[in-house]
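Chain residues, written in single-letter form:
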Amino acid sequence: MSESGSRALGVGLLGVGVVGSAVAEALLSGRSQANVPGSHPLELRVAVVRDLTKERPVPAGLLSDDASSVLSNPAIDIVVELMGGEEPARTSIAAALSAGKHVVTANKEALAKHGGELIALAEQNGVRLLYEASVGGGIPIIGPLSSDLLANEVKSIRAIINGTTNYILTRMSNEGDTFDDVLADAQALGYAEADPTADVDGYDAMYKIAILARLAFRAPVELDSIYREGIRSIDPVDISNAARMGFTIKLLAVARDDGRGLLVRVHPALVPNEVPMAKVDGVLNVCEIEGDLVGPLWLQGRGAGAEATASAVMGDLIRIARAPGSQTRPRGLSATTERLAMDDHVCQYYTRLVVQDQPGVLAGVAGVLGNRRISIDSVIQMDSDSGRGVADIVLMTHPAREQEMQAAITELTALESVVEVASLLRVEDYPDPS
Ligand SMILES: NC(=O)c1ccc[n+]([C@@H]2O[C@H](COP(=O)([O-])OP(=O)(O)OC[C@H]3O[C@@H](n4cnc5c(N)ncnc54)[C@H](OP(=O)(O)O)[C@@H]3O)[C@@H](O)[C@H]2O)c1
């Protein structure tokens, strides 16, 4: 019993890695009791890992390599899942909820893929499933979307929610280096995983925007309905061209209902230099939410890292410790939200074509675009490579429909005078700040 007489709640950790170690330290330091007097004390009772020989900030007597020592242990009231990945995390979360234990997790993949079923399981069992740390590390995003903003109809969420890709793009912008060089450096510095696929191909951002979109738009968001494109093909030439035209390239995750329907997309985009998002650099994350009552909101901070992420995990734990009897009441899902396909997306496009350096080429290109009613906003003919007899043409279009633009790109590729469509990037539309 605590001084206030509240029964201590037993916490079982699944995973004592980067985040789990910081959470264990926060629990063992008694930080939650000190900060929230009167709530139920939180007591770390078991911590599960794979390798018992590694050094951990947890007394040896609390360590186990057997997940059932948490999942089947009546002394554990709250399971904190910090193993990551789809399995065995999903099965462990489901087992904990079914056994009547609250669950706190930072696992975006398990939630993006199985959130619907896990949230329903929590409700059926009268327990809570909290996952603030799954998106944006230490930035409170899930909490505001699940409670403070409930009165709003959310119009859009636009975010930079993958620190690794933002770090890589920032360094490519600042230093003019290639993607491969910066990636190798980021791996050496520990900012990128040995297998960078989840980050650089946009899967991590896709999982996170799926979680946010589900909450914000009260719609189940299947991963295969999300348009996803990563940053591997970004060339330093495009970054410097974009800069000359007044833009910065960022990997954006966007969920927006423009009145025609909800479109969820992850892709690199040209962001106008005058909007704040263009200046969110390095490993920082940002999430811009627009609600009909609250207007635009801006949440920026550390999207990863042991302490920042532990802050979100501890916040969820303290929420349970304050009121363990209260239940997750998910915002009801609306089956009526119309969905939009990426083909229906409308934006300006930046494209770089490598063409034969000869007269009449631009007219041919303009003809293809014109036939599809795509008009050109500006053209930059870059330096020609006289040795190879080719030149770069960089075009910015007026707003066009994705389907038309993709069809035009296929036709341009077939032109004899076009050697290669080297890049096609979307320009993100922001309201005119003036
Ligand atoms: N790192 C961040 O900055 C960050 C930020 C936001 C969210 N997250 C999320 O937080 C979660 C944890 O990430 P992390 O970076 O802390 O991962 P990590 O450093 O790789 O730690 C994973 C931990 O889980 C244990 N583990 C993995 N599989 C297991 C299994 N089958 N049985 C028992 N234990 C197992 C590992 O044990 P061993 O140590 O014995 O191998 C390790 O202690 C992930 O969902 C991640 O997406 C991380």
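As the structure is a prediction and not an experimental result, all values here were calculated from the model.

In terms of helices and strands, the protein chain carries 14 helices and 17 strands. The globule rule puts the C-alpha radius of gyration for 434 residues at 22 Å, and the 24 Å found for the protein chain is close to it. By its C-alpha atoms, the protein chain is 85 × 45 × 35 Å across when sized along the principal axes. The buried share among the 434 residues of the protein chain stands at 43%. Within the protein chain, contacts between residues at least 6 apart in sequence are counted, and of these 74% link residues at least 24 apart.

Around the ligand there are 24 residues in total, and Gly15, Gly17, Gly84, Ala106 and Ala304 lie nearest to it. Considering each element in turn, the shell around the ligand owes the most residues, three residues, to helix α1 (residues 18-28). When its residues are assigned to classes, the shell around the ligand shows 12 nonpolar, eight polar and four charged.

The strand order β3-β2-β1-β4-β5-β6 describes an open sheet built from six strands, whose pairing is parallel. The sheet is open, and its two edges are formed by β3 (63-64) and β6 (129-130), each paired on a single side. Its contacts with the sheet put α1 on β1 (9-14), β2 (42-48) and β4 (78-81), and the angle it makes with β2 is roughly 145°.

Now for the domain arrangement of the protein chain. Splitting the protein chain by domain gives domain 1 (9-138 + 308-322), domain 2 (142-302) and domain 3 (345-427). Its C-alpha centre places domain 2 at a distance of 26 Å from the equivalent point of domain 3. Between domain 2 and domain 3, the residue contacts involve 14 residues of the former and 10 residues of the latter. Ranked by residue count, the leading element in the side of domain 2 that touches domain 3 is strand β10 (residues 262-272), at six residues. Per-class residue counts for the side of domain 2 that touches domain 3 are eight nonpolar, three polar and three charged.

Before going further, it helps to spend a moment on the nonpolar core. In terms of nonpolar packing, the biggest core is built from 119 residues, with Leu13, Val23, Val80, Ile209, Leu212, Ala213 and Val313 touching the most fellow members. If one sorts the elements of this core by residue count, helix α10 (residues 203-217) sits on top with 11 residues. Not counting chain neighbours up to four residues away, the residues in contact with Val80 comprise Val11, Leu13, Leu14, Val23, Val104 and Val313.

Along the chain, Leu28 falls in helix α1. Classification of Leu28 by C-beta neighbours within 10 Å gives partly exposed; the count is 14.

Once that is clear, we can look at the packing of helix α13 (residues 361-371) against helix α14 (residues 402-414). Two numbers describe a pair of packed helices, the interaxial angle and the distance between the axes. Remark: α13 packs on α14, axes separated minimally by 9 Å, with the N-to-C direction vectors making an angle of 150°. Taken together, the axis directions place α13 and α14 in an arrangement best described as roughly antiparallel. Considering the relative orientation of α13 and α14, their crossing is right-handed. Where α13 abuts α14, its residues Val365, Val368 and Leu369 lie against Ala408, Glu411 and Leu412.

What follows is about the pairing of strand β12 (residues 295-302). As paired strands, strand β11 (residues 284-291) and β12 are joined by eight bridges and run antiparallel to one another. Note on β12: the bridge partner recorded for Asn285 is Gly301. Here β11 folds back onto β12 in antiparallel fashion, the turn holding three residues.

Among the secondary structure elements, Arg352 is positioned in strand β13 (residues 346-356). Arg352 gets classed as buried once you count the C-beta atoms within 10 Å, which come to 20. A sequence separation of 72 residues divides Arg352 from Leu424, and the C-alpha atoms of the two residues are 6.7 Å apart. Other than its neighbours up to four places away in sequence, Arg352 contacts Asp238, Asn241, Asp392, Val394, Ala422 and Ser423.

This paragraph deals with unusual backbone geometry. The residue after Glu87, namely Pro88, is reached through a cis peptide bond having omega 5°. In this fold, Pro88 is placed in the loop between β4 and α4 (89-98). Of note in the backbone geometry, Arg218 takes a positive phi value of approximately 50° without being a glycine. Residue position: Arg218 is located in the loop between α10 and β8 (227-228). In this model, Arg373 sits at a positive phi of 55°, which is unusual for a non-glycine residue. Locating Arg373 in the fold gives a position in the loop between α13 and β14 (376-385). In this structure Arg373 comes out as exposed when scored by C-beta crowding, with 11 C-beta atoms within 10 Å.

Conventions we followed
- Starting from 1, residues in each chain are numbered consecutively following that chain's sequence as written.
- Given that the model is predicted, a residue must reach a pLDDT of at least 70 before its local features are reported, and side-chain atom pairs must reach 80 or more before they are shown or counted; all residues, however, enter totals for whole chains, interfaces and linings.
- The secondary structure listing takes helices from DSSP runs of H or I that are at least 4 residues long and strands from runs of E that are at least 2 residues long, numbered from the N terminus.
- All radius of gyration figures rest on C-alpha atoms, and the globule criterion is 2.2 Å times the number of residues raised to 0.38.
- In this scheme every C-beta is placed from the backbone, and a residue whose C-beta has 20 or more other C-beta atoms within 10 Å is buried, one with 12 or fewer is exposed, and one in between is partly exposed.
- Contact between two residues is assigned when their C-beta atoms, built from the backbone, lie within 7 Å.
- Using a C-beta atom placed from the backbone, a residue is described as near a molecule or strand when that atom lies within 6 Å of it.
- Amino acids outside the nonpolar list (Ala, Val, Leu, Ile, Met, Phe, Trp, Tyr, Cys, Pro) and the charged list (Asp, Glu, Lys, Arg) are all regarded as polar, and Gly is one of them.
- Strand pairing is assigned whenever DSSP detects at least two bridges linking the two strands.
- Interaxial angles span 0 to 180 degrees and are taken between N-to-C directions of axes, which are lines fitted to C-alpha atoms, for helices over the stretch in contact.
- Note that domain bounds follow an automatic or database assignment of domains.
- Each nonpolar core consists of buried Ala, Val, Leu, Ile, Met, Phe, Trp, Tyr and Cys residues. Their C-beta atoms, within 7 Å, join them into a set.
- An angle below 35 degrees is read as roughly parallel, one above 145 as roughly antiparallel, one from 65 to 115 as roughly perpendicular, and any other as oblique.
- Crossings are classed by handedness, with left-handed meaning an anticlockwise turn of the near helix from the far one by less than a right angle and right-handed meaning a clockwise turn.

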